[in-house]
Amino acid sequence: MDKLIVIGGGESGVGAAILGKDKSYDVFLSDFSKLKPKFRAKLQKEDIDFEEEGHTVSRLQEADLIVKSPGISDDLEVIKNLRESGIKIVSEIEFASWFTGANIIGITGSNGKTTVTNMVYHILKNAGLSVSMAGNVGFSFAEQVARQSFHNYVLELSSFQLDGVEDFRPHIAILTSITPDHLDRYHDNFQEYIQAKFKITKNQTKDDFLIYNKDDKVIVNWLEKNTVKAQLIPFTKTTIIADLSAFIEDNKINIKLNRNLFTMSVNDLSVKGDHNTRNAMAASTAARLLKIRKQTIRESMESFQGVEHRLEQLGKINKVAFINDSKATNINATFYALDSMTAPTVWIVGGVDKGNVYEELLPLVNEKVKAIVCLGIDNQKIYNSFSNCVDTIVESSNMPDAVAKAYELTEDNDAVLLSPACASFDLFENYEDRGRQFKEAIQYLKK
C-alpha cells in the first residue's frame, strides 16, 4: 500500500486525505499549526492518522507521494529537503484530477477569476448540467471527487494551486488577467508568477481551449513568445475579426465560434463595469463551447448577482454607503474598486503586503479618496505612498475600530470602501473572515 503524506490540514489538505484513503493509500496528515476543530473532527471521523502543531520529519520522509496544501511555500526547508530526497510532491488539484474523468473548466488570473468561476457555474447550473465549483472556492475538489460524482467541475485556480500541477488538464482554461501579485512568494520575480499562471494550459491539446484576455499586455506578450497547443480564443473590449473570438461591438457582447454567433447587450448584464463585461465575455464563451443554449446564457447573465466580498453593496447608514471589497487582495483589484467609486470615499486599506507598488493608485486616490483608515500591522508603506495627497490617514487595530473611525470621517453622501489591496493573514483567517467582520461591524454601527 503506497504511503500518502498530506502536508497542511485545511480544506484542500483534509480533502486530499479523504480522497487518498478512499483510493486505498496509507494516509498520514501533518500540519505545522493547530487544526481547526471542524477539520480535526473530519479526520477523526474518517479514521485518518494525523499530527498537528509540528512536523515529524522522519514520518514525512516515509512518503511515496506528498500532497502539499497551496498555502505552504516550496521554499520551506522541510519541503526542499523532501523534494531533494526524490519524493513526488503535487497539489490537491493535481491529485484529485487523477481520479475523475469529468469535464474540467479551469479559471485563473490575478483578478476576475472568482467572478468568472461563479458566472460559469451559474450558467451551467441554470442549463441543468451536473456541475460543481471547487478549487479556490467552495469545498475541496479532492473531497468532492471522493464523495460525489459531477460531470462538470468549474475550478477557480490560484497560482499556488497551479504550482503543484504535473498532468492536470482542463478542457477549457480561462485566463482573466495577470498583474503583479504574491511576489513575496515568487522571490519578487514577476516572471515566475507569470509562469505559474500559464501552467493552466501546459497539458492542454489541440482539442482543448484557452480563453484569454487580449487586453492584458502581459498575457499577450507571453503568448507571442511561447507555444500553446490549445485553441486560442481571445476576448477584448475592442472589435476584432477572428473565427474564434469574443468582442464588443455597438455596445453588444459578440462571441464568434466559427460560423456560430452569440450576441447580448452589455446593458442587460446584471453586474456593471468594464471588468464585469470582460468577465461575462469569458464566462459566456466557455458556456458556448459547451453548447449551452443562447437564451440560457442571456437569462443567466441577467440574473447573476455578483460575488460576496467583491464590490458588494451593503446599504447605507445616514446617507453613507458601505462597500465590501475584501476580495481585493492586490493593487489591481483595488484599482477597479476605486475606479468604480462615484462618491467621496473613506478607504480602508492594508494587511499583509505582497510587494505592493501603491504609486499605481495615486491618480485614483487623489481624485476619489478623502481619508484613509489603515488596517494592518505594518502601515508605513501606505503612509509613505499617500500622505502627500490625502490629509487624513489614521491607524486601526481591528475591524470594529476601523469601521468606527471610517464612519466618523464621513459626511452625508460619502462612501466607506473596504478594499485592502493586501492579504488578510495578519488580523484575519482569510478575506472571507475579513469581509464578514466588516459586515458585522456595520451592523453594530446601526444599533
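Let us look at the structure shown here.

Basis of the calculations
- Residues numbered from 1 in each chain as written.
- Predicted model: local features only at pLDDT ≥ 70, side-chain atom pairs only at ≥ 80, totals over all residues.
- Heavy atoms only, no water.
- Helix = DSSP H or I, 4+ residues; strand = E, 2+ residues; numbered from the N terminus.
- Rg over C-alpha atoms; globule rule 2.2 N^0.38 Å.
- Buried < 20%, exposed > 50% of the residue type's maximum accessible area, 1.4 Å probe, protein only.
- Areas by Shrake-Rupley, 256 points an atom, 1.4 Å probe, with all protein chains shown as cover.
- Lys, Arg positive; Asp, Glu negative; His and termini not counted.
- Charge placed at Lys NZ, Arg CZ, Asp CG, Glu CD.
- Phe/Tyr/Trp six-rings, centres within 6.5 Å; stacked < 30°, edge-to-face > 60°.
- Lys NZ or Arg CZ within 6 Å of the ring centre and 35° of its normal.
- Core = buried A, V, L, I, M, F, W, Y, C linked by side-chain atoms within 4.5 Å.
- Contact = heavy atoms within 4.5 Å.
- Axes fitted to C-alpha atoms, helices over the stretch in contact; angles between N-to-C directions.
- Parallel < 35°, antiparallel > 145°, perpendicular 65-115°, else oblique.
- Nonpolar A, V, L, I, M, F, W, Y, C, P; charged D, E, K, R; others polar.
- Pairing = 2+ DSSP bridges.
- Polar contact = N/O pair within 3.5 Å; in protein donor to acceptor, adjacent residues only side chain to side chain.
- Salt bridge = Lys/Arg side-chain N within 4 Å of Asp/Glu carboxyl O.

Scanning the chain from N- to C-terminus turns up 17 helices and 20 strands. Relative to the globule expectation of 22 Å for 447 residues, the C-alpha radius of gyration of the chain, 22 Å, shows essentially globular dimensions. Along the first, second and third principal axes, the C-alpha atoms of the chain reach 65 × 55 × 40 Å. Classification of the 447 residues of the chain by burial places 56% in the buried group. Taken as a whole, the chain presents about 19400 Å² of accessible surface, with 46% of it coming from carbon and sulfur. In the chain, which carries 52 positive and 61 negative side-chain charges, the distance between the mean positions of the two groups comes to 7 Å.

Further remarks concern the packing of aromatic side chains. Enumeration over the complete set of coordinates arrives at 11 aromatic pairs. Here the aromatic rings of Phe 95 and Trp 98 are separated by 5.6 Å at their centres, their planes lie at 70°, and the arrangement is edge-to-face. In this structure Phe 95 comes out as buried when scored by relative accessible area, which is 0%. Residue class for Trp 98 comes out partly exposed when judged on its relative accessible area of 31%. One aromatic cluster in this structure is built from Tyr 25, Phe 95, Trp 98 and Phe 99. Sitting over the face of the ring of Phe 28, Arg 59 holds its NZ or CZ atom 3.7 Å from the ring centroid. In this structure, Lys 327 is placed above the aromatic ring of Tyr 431, and the distance from its NZ or CZ to the ring centre is 5.0 Å.

Moving on to the nonpolar core. Ranked by size, the top nonpolar core spans 51 residues in total, and within it Leu 4, Val 6, Phe 95, Phe 141, Leu 155, Phe 198 and Leu 223 carry the most contacts. At five residues, helix 1 (residues 11-22) tops the list of elements feeding residues into this core. Residues in contact with Phe 95, not counting those within four places in the same chain, are Leu 4, Ala 16, Leu 19, Gly 20, Tyr 25, Leu 65, Val 67 and Val 90. Counting 40 residues, the second largest nonpolar core, distinct from the first, contains Ile 248, Val 271, Leu 289 and Phe 304.

We now examine the packing of helix 1 against helix 2 (residues 37-45). Orientation of helix 1 relative to helix 2, taken along the N-to-C sense of each, is 5°, at an axis distance of 11 Å. The orientation of helix 1 relative to helix 2 falls into the category roughly parallel. In this structure, helix 1 uses Glu 11, Val 14, Ala 17 and Ile 18 to contact helix 2, whose residues at the interface are Phe 39, Lys 42 and Leu 43. In the contact of helix 1 with helix 2, the residues fall into five nonpolar, no polar and two charged.

Glancing now at the sheet that holds strand 8 (residues 152-156). Each strand in a sheet pairs with its neighbour through backbone hydrogen bonds, running either in the same direction (parallel) or in the opposite one (antiparallel). Taken in spatial order, the nine strands make up an open sheet running 7-8-6-9-10-11-12-13-14, and their pairing is mixed. A strand with exactly one partner marks an edge of an open sheet, and here the two such strands are strand 7 (131-135) and strand 14 (260-265). Ignoring which end each strand starts from, the neighbouring axes of this sheet average 15° apart. In this structure, strand 12 (residues 244-249) lies alongside strand 13 (residues 252-257), joined through six bridges in antiparallel fashion. Looking at the pairing, Glu 249 lines up with Lys 252 of strand 13. Contacting strand 9 (172-175), strand 10 (209-213) and strand 11 (231-236), helix 10 (residues 217-225) runs over the sheet at an angle of about 135° to strand 10. Those strands touched by helix 11 (residues 274-289) are strand 9, strand 10, strand 11, strand 12, strand 13 and strand 14, and its axis lies near 30° from that of strand 13.

Okay, the side chain of Ser 73 next. Tracing the sequence through the fold places Ser 73 in the loop between strand 4 (65-68) and helix 4 (77-84). Looking at Ser 73, its side chain comes within polar contact range of the main-chain nitrogen of Asp 75, at 3.0 Å. Those residues in contact with Ser 73, other than ones at most four positions away along the chain, are Lys 68, Ile 79 and Arg 185.

The next thing to look at is the environment of Gly 101. Residue position: Gly 101 is located in the loop between helix 5 (92-97) and strand 6 (103-108). Among the residues examined, Gly 101 registers a relative accessible area of 82% and is labelled exposed.

This brings us to the sheet that holds strand 2 (residues 26-30). Reading across from one edge, 3-2-1-4-5 is the order of the five strands in this open sheet, with parallel pairing throughout. Looking at strand neighbours, the two that pair on one side only are strand 3 (49-51) and strand 5 (88-90), the edges of this open sheet. If you compare each strand with its neighbour and ignore which way they point, the axes differ by 20° on average. When strand 4 meets strand 5, the two strands line up parallel, connected through three bridges. For Leu 65, the partnering residue across the bridge sits in strand 5 and is Lys 88. Across the face of the sheet, helix 4 comes into contact with strand 1 (3-7), strand 4 and strand 5 while running at roughly 130° to strand 5.

Here the structure, examined in full by the defined rule, presents 23 salt bridges. Residue Lys 206 pairs with Asp 207 through a salt bridge whose shortest N-O separation is 3.7 Å. Here Lys 206 falls in the exposed class, since its relative accessible area comes to 61%. Note that Asp 274 is salt-bridged to Lys 237, the shortest N-O span being 2.9 Å.

Inspection of the secondary structure assignment puts Ser 265 in strand 14. The contacts of Ser 265, once residues within four sequence positions are left out, are Asn 251 and Lys 252. Side-chain polar atoms of Ser 265 contact the backbone nitrogen of Asn 267, separated by 3.1 Å.

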